[in-house]
Amino acid sequence: MDILADLNPAQREAVEAIEGPVLILAGPGSGKTRVITHRVAYLVRVVGVNPRRIMAVTFTNKAAREMEARLNQLVSSSVKDLTLGTFHAICARILRIEGRAIDINPQYVIYDDDDQISLLKRCLQELNLDPNQYAPRSIQSAITAAKSRMLTPADYLQHSRSYFEEVVQRVYEHYQKLLTDSSALDFDDLLMKTVQLFRQNPDILERYQSRYLHIQVDEFQDTNLVQYEMMKQLAGKHRNICVVGDPDQSIYSWRSADLRNILNFEKDYPDAKVVLLEQNYRSTQKILEAASHVISTNQQRKKKKLWTENEAGSPPAVIETYTEMEEAQFVVSEIDKLVSRGEVNPGDCAVMYRTNAQSRALEEAFIRYGMPYKLVAGTRFYERREVKDIIAYLRLVQNPYDSVSLLRIINVPARGIGQRSLDELIQWARSQDVPEYRGLQLLAGYKKGDPDLPFSPRTVKTLSGFAVMMEELIANSREMSILGLFDAVVKSSGYRHYLSGLVDGDDRWENILELRGVAQEYRDFPPGEGLSAFLEAVALVSDVDDLEEKVETVTLITLHQAKGLEFPVVFIVGMEDGILPHFRSIDDPEQLEEERRLCYVGITRARKRVYLVRAFRRRFMGSSTVNQPSRFLKDIPPELLSEGASWDGEDRQLEAPATTWSHEGESTYDAPELRPGDHVSHAQFGEGIVVSCQPVKNDAEVVVAFDGAGVKRLLLSFAKLEKM
DNA sequence: CGAAAGGCTCTTTTT
DNA sequence: GAGCCTTTCG
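Right, let's walk through the structure included here. Model, not experiment: these values are computed from the prediction.

Basis of the calculations
Each chain carries its own residue numbering, running from 1 in the direction its sequence is written. To label them, take the chains in the order written and letter them from A, then take the ligands in the order written and number them from 1. With pLDDT at 70 or above as the cut-off, local features in this predicted model cover only qualifying residues; side-chain atom pairs require 80 or more to be listed or tallied, and sums for whole chains, interfaces and linings still use all residues. With hydrogens and water set aside, each side-chain value is computed from the structure's full complement of heavy atoms. Each patch groups residues whose relative accessible area exceeds 30% and which form no salt bridge, using 9 Å between like charges and 5 Å between nonpolar side chains of Val, Leu, Ile, Met, Phe, Trp and Tyr. Residue burial considers only the protein chains on display, and all accessible areas are found by Shrake-Rupley using a 1.4 Å probe. Each reported salt bridge corresponds to a side-chain nitrogen of Lys or Arg within 4 Å of a carboxyl oxygen of Asp or Glu. Secondary structure is summarised from DSSP: a helix means a run of H or I of at least four residues, a strand means a run of E of at least two, and numbering begins at the N terminus for each. Working definition of a nonpolar core: buried Ala, Val, Leu, Ile, Met, Phe, Trp, Tyr and Cys residues. They are joined through side-chain atoms within 4.5 Å. Under the scheme applied here, a residue whose accessible area is under 20% of the maximum for its type counts as buried, over 50% as exposed, and between as partly exposed, the area being computed with a 1.4 Å probe on protein chains only. Whether two residues are in contact is decided by their heavy atoms: any pair within 4.5 Å suffices. When DSSP finds two or more bridges between a pair of strands, those strands are recorded as paired. For helices, the fitted axis covers only the stretch in contact; all axes are lines through C-alpha atoms, and the angles between them, taken along N-to-C directions, range from 0 to 180 degrees. Each Phe, Tyr or Trp ring (for Trp, its six-membered ring) is paired with any other whose centre lies within 6.5 Å, and the angle between the two planes then decides the class: stacked below 30 degrees, edge-to-face above 60, tilted in between.

**Section: a nonpolar patch on the surface**
So, point 1. On the surface, a cluster of nonpolar side chains totalling about 280 Å² of accessible area is made up of Tyr322, Phe616 and Val626.
So, point 2. Relative to the helices and strands, Phe616 resides in the loop between strand S16 (606–615) and strand S17 (617–620).

So this is what it looks like as structure tokens:
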């Protein structure tokens, strides 16, 4: 196979430019993914570079996996030796190996967003600060911003100017101490500490610099300053650094992504070769044109001329509905129409939205009409309570000093350790100047009736009971596979029994089994290693990671998550001022431009058809609001859009009346054949039992408790339920 | 101590 | 409307 075949001249240039710094500016749909994979393949197969000496940084784990899969096809030799992954994953691995040099415990755990917040709350408490006055969230984002600029608490002291910043400084300092005490790193630490490691240990840096002959960074527009710094360090020796990005698709500035990286690149590497990929292979002309009008309204941007040889195609449609329910209905019925016309498959369609909350109305409509869908990250799996609990147990086994995990599960399931016992434990541990977990171990050493018991015999007993359990798990973990350990944790903790007492216990148990399935992938690792690999993987997953490339159902996804994907048909819902652009961004011109880029990203995901949908009125935080059409709609000249902008809910509707579910009685419909207690089966949700069956207008609304999928409300005529 | 109920606040996007 | 925190009662 010729690696350079099927590439246009610009793409070929980008692949062949392997010497020195390269900046590839790639518009949407310009074959960027092809270029970066072919580039690596070219290095290995044509130039003969050892894969061990190549680093390729991707934005998500999923992108890394896809790249690996494609490389396996392009390159016969193993690409296993490549360093391939997100910045965070790569840093996590480096720190696991080299961290000791800067006093990082190799058994360190990674704190996610949630863990950060709970730790920050504890900081506020210990510093006697009112969390109502200093929202943990805003402190967190201040700390994240500081870490992205590589400011330590001491550095931050120089920078703090307002009173709020002084508070942040104090919290930051304490927060960092608690992290260290817990042998924990947060997401930002992974990056910042790696840069520190390299700065303070030139010998280690030298090793890595020498090793990586070629470095490639994707989605460069979404990197922050620490990432840039690290990249610069690593490329310091060979200078074969290739970055790929598109400033118009920069949508992560809130996560400290900094467009200056692209500008700085040309400054730091004046000899950089710049390659522009401007031919779009994805979208129709009309879609591309509409997208270009939206993005060209931005003031702060480098002009770029995208073009395509694709057909003109049908014009993007702007649709107005009355409420968010109708908006969702329109989407479902339009997809149904396109599918029944044989134009598309459901899997070709994606519905995109600005905020996760918007998925709800959509989901309801899809469920009601029995149309299967795939929601990217519902209540994100790894954020579910039961999943986090089990992970906390496992983290504690790996690193008993992880205080966030300890405090999370010491009384889950309830084992008689209330707030008072906890306070006593913490106080006492502090008085003995030992970490909480060490305190527990010491308590377990006391005998019954010992006159020196630090607190009541009952409290000592429950606390040391917990300590004994953990000690056993830790001891076992040295011989057990991760899977054995997983089961031991579930068993010893009594978690299953605990769940069985909860109303939604079965669902939660299912989640635990799913998590066990993830652990299974690490079953063959040696004891310890399996645990640590598993924990690292679950800490760094993202929601899009488990989105299969080929799906057969409609995809529901946020605009941010949609970056890098493409679909024949795209619906962008919530095209309203306040939603897109989001009201939090409207006042700030820079943030407004980012919202516009987000809209641009959404439109350019589409190959054939785009629908821009808005609702006149929508429920928002409980109350109902009236929204103006998104200002971005005005950026598109009307002649580029299709006519018939208003959807009245009549002509294109499915047979079911729009209002079916809000009424009871007034039935002209024969009593349905389903009764509570009947066993039924559904194409998507599997088997279940009918809870109730309510006649509505010309149909019936059935509530079914499914074995796996939980309780759903369905319209009889659409759900295609089969009685068993 | 723990379950349950009531009251509060805040809602963006995520490695 | 939900999640989180506090209060209350058994």
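**Quick notes on the nonpolar core**
Burial of nonpolar side chains together is a common tendency in soluble globular proteins.
So, point 1. Leu190, Val217, Met231, Ile241 and Phe265 are the most contacted members of the largest nonpolar core, which has 67 residues in total.
So, point 2. The contact partners of Val217, leaving out residues within four places of it in the chain, are Val57, Phe87, Thr223, Met231, Ile241, Cys242, Val243 and Val244.
So, point 3. Counting residues in each nonpolar core, the second largest holds 49 residues, with Leu422, Val490, Trp509 and Phe534 among its members.

**Examining the environment of Val554**
So, point 1. With respect to the helices, strands and loops of the structure, Val554 is situated in strand S14 (residues 554–558).
So, point 2. We classify Val554 as buried; its relative accessible area is 0%.
So, point 3. Through-space distance from the C-alpha of Val554 to that of Cys123 is 44 Å; in sequence the pair is 431 residues apart.
So, point 4. Apart from the residues within four sequence positions on either side, Val554 is in contact with Ile335, Pro346, Gly347, Cys349, Val351, Phe366, Met371, Pro372, Tyr373 and Lys374.

**Some remarks on the sheet that holds strand S6 (residues 214–217)**
Sheet strands line up and pair through hydrogen bonds in the backbone, either parallel or antiparallel.
So, point 1. The six strands lie next to each other as S3-S2-S6-S7-S1-S8, forming an open sheet whose pairing is parallel. A strand with exactly one partner marks an edge of an open sheet, and here the two such strands are strand S3 (83–86) and strand S8 (273–277). Here the average twist between neighbouring strands, direction ignored, is 15°.
So, point 2. One ladder, built from four bridges, connects strand S1 (residues 22–26) with strand S7 (residues 241–245); its direction is parallel.

**Regarding the packing of aromatic side chains**
So, point 1. Throughout the structure, instances matching the rule amount to 19 aromatic pairs.
So, point 2. With 5.0 Å between their ring centres and 55° between their planes, Phe59 and Tyr252 make a pair best called tilted. Pair noted here: Phe59 is in the loop between strand S2 (54–58) and helix H3 (61–74) and Tyr252 is in the loop between S7 and helix H12 (260–268), with a separation of 193 residues, a long-range link.
So, point 3. One aromatic cluster is present, built from ring pairs that chain together Phe220, Tyr228, Phe265 and Tyr269.

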